[in-house]
Every structure is written in C-alpha cells, then in structure tokens.
Amino acid sequence: IVFFGPGPSKIPDQVLERVQAELLNYAGTGVSVMEISHRSAEFQQIISGTETRLRRLLHIPDNYRVLFVQGGATGQFAAVPLNLCVNGKADYFITGTWSKKAAAEAARYLDMQPVLPATEKFLGIAGRDQWRLRPDADYVYYCDNETVEGVEFQEVPDTGDVPLVADMSSNILTRPIDVSKFGVIFAGAQKNMGPAGLTIVIVREDLLGRGLPVCPSVLSYSTMAKAGSLYNTPPCFNVYVTGKVLDWVEEQGGVEEMSKRSDTKAKLIYTAADQSDGFYVAPVDGAARSRTTVQLRISAGAELEKKFLKEAEEVGFKSLKGHRSVGGLRVALFNALTVPQIEKLVKFLGQFATQNRG
Ligand code: PLP
C-alpha cells in the first residue's frame, strides 16, 4: 500500500520502527519517552539534539533561534503579526488556501495588503512587475508551497530590507534554503518532519522583543526563546519523533538528497501528465509547479476521476483525492514517499489512461 494522504502526518516506516522499539523503555530509564519529565536531563538531551540536527540540516546561522511550539501552522498565522507588528502594516503574497487564511488572520491585527493582484483560481504566481510591496511594512509574508493548490515558489522572493516570513509547512527539508534571507520561517512538523502537534519556528534574534503587547505568552517568540521552548509543557513525544526523522534525513544524505528525490518524483508525475496526450492535466503554471504536492486533473471530468480513485485504491494507492476545495487528484510527494513508489504510480497512470481514453 502506498499512502498519499497529506496528513495528519507522514513518517518514514524505518523511523516508526525505531520509535516502536524503544517506546516502553526510553534509554534504559524504564519509562516511556512519553512519560519522562520535560524538565529532565533526558528530555533536555532530546530537545537540544533535535535542534542541533535541524540546525545542521538547514545550516541555520547562529543569530537565529529555533522554537518548538504548539498551535499548528495555523497558530503561527496569528503569532506572526502579534510578534512582528511595529508600524501596523504587512504585505502578503496570497497564492492559495493557506496564505489566504494567514492573510485573513493578520488582517485582524494590522493593515494587511496583498502583494499580488486578486485571483479566484490559484494556478501560478504573478510576475514581479505586478507586485505591490511597501518599504515600511513590518514584514512580507508568503507560503513557500501551497499544499492544496500545488503552487510553489521556485525562488525566495526579493523583498529588500523588509523581513521575510515564510510558511514552509509542506516543503521544509525538501530543498536547501538560505535561512539568512528570512526573518521568520515556520512549519507544522507533520508533512516532512514529525507528528502533527509540533510546529517549528526559526526566528532571527533581532526580531525578538517586538510586537503587540496583547500577544499571548504562549505565542510569544521572545517568551518561548527565553524559556528554551519550555515555557509550558512542550509536545515532548513529537519533539522526540521529529529528532528521529531528522536522524533519518541525515542518514539518507540530508536535504540535498531529499531535494534530488523531490525533483525526480515531481518530474516523473509531471512528465506522465504532460505526455498523456491531454488525458491528465497538471493545471498549475510550469514556473510554479510544486515539487511536493502535485495537482492533477483528468480532462474527461469528475466521473472518470472518481473511477480513477476507486481503481487506484483497489491496487493500493490510497488517498489520491484532491482537496475538497479544488477537487481532482493530488499526489503528495513528501520525503517519506520513495521514488520506486512514484514509479509504480506512474505506471498505473499510464495503464488507466490507455484503458479509459475516449
Ligand atoms: N500551512 C500549510 C502550507 C499547510 O499545508 C497547512 C496544513 O496542511 C497549514 C498551514 C495548517 O497547518 P496546521 O493544521 O498545523 O495548523
């Protein structure tokens, strides 16, 4: 069985096996890792080890803090304006479902201005000549990969001196990034890093200690940074599993290798669609096609898509249904999915097209 569901979590099987092996007795303590105190030396080692691995994998510079928080990426939609608001204005790239939600949340706290011309359908990213950026904005926000629509930035947008904030929930660890270009990077752990319930925030130190006084303590970057992410009970088990996933990524060859695999997997799917004589369509503009969440349509329509999903399920390709807001098919290519699995799916795509061409 190949499970393509984008959530709640994608964890490689090898990692789950390791977690299972020590679930009842962590490192000879006689208790489960779920039970050891978050103030214990053992947990301190777990959380600092997880941070060290993430710093190594993403080459995070010393002037950035790594925070382990709860509240999901959605919590960060509020935390970002609450922590960064100074002049009371921020610019948002709205390229799909998640950045639209983040922008609406920010608009509750500050003057939110969209960078791009308004659009109904998110199938690409308008060119630079159409961007509206304010030099006195507190930050510019974008979602690096829109999970629902399959729209991904291929380059970090240049926002001059205005701090850049990125939601990397669905593509962190799938390609190298230059952290020094960002003010804040955040990501829900669940697509490429660990179980749902942990969110990682990477924040440049000079951005700590600002924001709105009403910012709840549990969302405050400076409070969390001062407390080493232990201001309240952290999601200990999730931090532990994430550490194991990061171990696995390092063993596999790091982010560089994950990036190569993402390219290979994405190319396999897009090529299959582009060479299907119009049977499958990948509707997202070539320059913004996601390498981790591919949106696909069957051009003959919804009935055939239904048939496809049923037959795919029967042969073990589970959860290929597109998000309810866009329909069609979605192929999630997160790090836990392997190249051979995608090769098998491509074979199936070909067979289905041959059997169902009108
Ligand atoms: N941002 C992106 C890009 C996502 O894919 C998701 C969830 O899938 C979210 C934000 C929301 O994350 P959460 O459910 O952790 O709040």
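Residues numbered from 1 in each chain as written. Predicted model: local features only at pLDDT ≥ 70, side-chain atom pairs only at ≥ 80, totals over all residues.

Before going further, it helps to spend a moment on the sheet that holds strand E9 (residues 184-188). Strand pairing in a sheet relies on backbone hydrogen bonds. The paired strands run either parallel or antiparallel. What the seven strands build is an open sheet, ordered E2-E10-E9-E8-E5-E3-E4; its pairing is mixed. On the outer flanks of this sheet lie strand E2 (64-69) and strand E4 (111-114), each paired with one strand and no other. With direction set aside, neighbouring strand axes in the sheet form an average angle of 20°. In this sheet, E4 lies alongside strand E3 (residues 89-92) in parallel orientation, the contact comprising four bridges. Bridging from a neighbouring strand, Tyr92 pairs with Pro114 of E4. (Pairing = 2+ DSSP bridges. Helix = DSSP H or I, 4+ residues; strand = E, 2+ residues; numbered from the N terminus. Axes fitted to C-alpha atoms, helices over the stretch in contact; angles between N-to-C directions.)

The next thing to look at is the UniProt feature "domain: Aminotransferase class V" (unreviewed entry) in the protein chain. Residues given the UniProt feature "domain: Aminotransferase class V" (unreviewed entry) here are residues 1-345. For residues 1-345, helix accounts for 33% and strand for 15%, while the C-alpha atoms at its two ends are 11 Å apart. (UniProt positions renumbered as here; feature names shortened; annotations may be inferred.)

To continue, consider the sheet that holds strand E12 (residues 293-298). Here we have three strands laid out as an open sheet, ordered E11-E12-E14, and antiparallel in their pairing. Of all the strands in the sheet, the pair left with one neighbour each is strand E11 (280-281) and strand E14 (329-332). The pairing of E11 with E12 spans two bridges and is antiparallel. Its bridge partner being in E12, Tyr280 is matched across the sheet by Ile298. With respect to the sheet, helix H7 (residues 254-274) is in contact with E11, E12 and E14, its orientation differing from that of E12 by roughly 15°. (Contact = placed C-beta atoms within 7 Å.)

Near the ligand the following residues occur: Gly7, Gly72, Ala73, Thr74, Trp98, Cys143, Thr147, Asp167, Ser169, Ser170 and Gly188. When its residues are assigned to classes, the shell around the ligand shows three nonpolar, seven polar and one charged. (Near = placed C-beta within 6 Å. Nonpolar A, V, L, I, M, F, W, Y, C, P; charged D, E, K, R; others polar.)

Let's shift gears to the domain arrangement of the protein chain. The domain boundaries assigned to the protein chain delineate domain 1 (13-252) and domain 2 (254-356). At the interface, 25 residues of domain 1 touch 25 residues of domain 2. Counting only elements with at least two residues in the side of domain 1 that touches domain 2, the list comes to helix H2 (41-58), strand E7 (151-152) and helix H6 (236-252). The element best represented in the side of domain 1 that touches domain 2 is H6, accounting for three residues. Of the residues belonging to the side of domain 1 that touches domain 2, the class tally is nine nonpolar, 11 polar and five charged. (Domains from an automatic or database assignment.)

The next subject is helix H3 (residues 72-84). Helix length check: H3, at 13 residues, gives a terminal C-alpha distance of 18 Å against a target of 18 Å (1.5 Å per residue), a fit within 8%. Maximal helix bending in H3 amounts to about 30°, located at Ala78; proline Pro81 follows within four positions. Taken residue by residue, H3 has Ala73, Gln76, Phe77, Ala79, Val80, Pro81, Leu82, Asn83 and Leu84 as its buried positions. (Expected span 1.5 Å × (residues − 1). Bend = angle between axes of the 7 residues up to and from the residue. Buried ≥ 20, exposed ≤ 12 C-beta atoms within 10 Å, placed from the backbone.)

Now for the packing of H6 against H7. The contact between H6 and H7 brings their axes to 7 Å, and the two run at 75°. Comparing their axes, H7 and H6 come out roughly perpendicular. Touching Val249, Glu250 and Gln252 of H6 are Gly254, Val255, Glu257 and Met258, all from H7. (Parallel < 35°, antiparallel > 145°, perpendicular 65-115°, else oblique.)

A separate point is helix H8 (residues 302-314). Its 13 residues give H8 an end-to-end C-alpha distance of 18 Å, which sits within 8% of 18 Å, the value for a rise of 1.5 Å per residue. Of all the positions in H8, only Glu305, Phe308 and Ala312 are classed as buried. Looking straight down H8, one finds its buried side chains confined to an arc of 55°; they lie on one side. Residues of H8 that are exposed and point more than 90 degrees away from the buried face comprise Glu303, Lys306, Lys310 and Glu314. The secondary structure elements touched by the buried residues of H8 are E12, strand E13 (317-318), E14 and helix H9 (339-356). Phi turns positive one or two residues past the end of H8, at Gly316, with a value near 100°. (Arc of directions from axis to C-beta.)

With that out of the way, let us pick up the environment of Glu149. Within the secondary structure, Glu149 is located in the loop between strand E6 (145-146) and E7. Residues Glu149 and Gly327, spaced 178 residues apart in sequence, show a C-alpha to C-alpha distance of 9.8 Å. Other than its neighbours up to four places away in sequence, Glu149 contacts Gly96, Thr97, Phe122, Val284, Gln295 and Val326.

We now examine the environment of Ala312. Take Ala312: it is sitting in helix H8. Ala312 sits 37 residues away from Leu349 along the chain, and the two C-alpha atoms are 9.0 Å apart.

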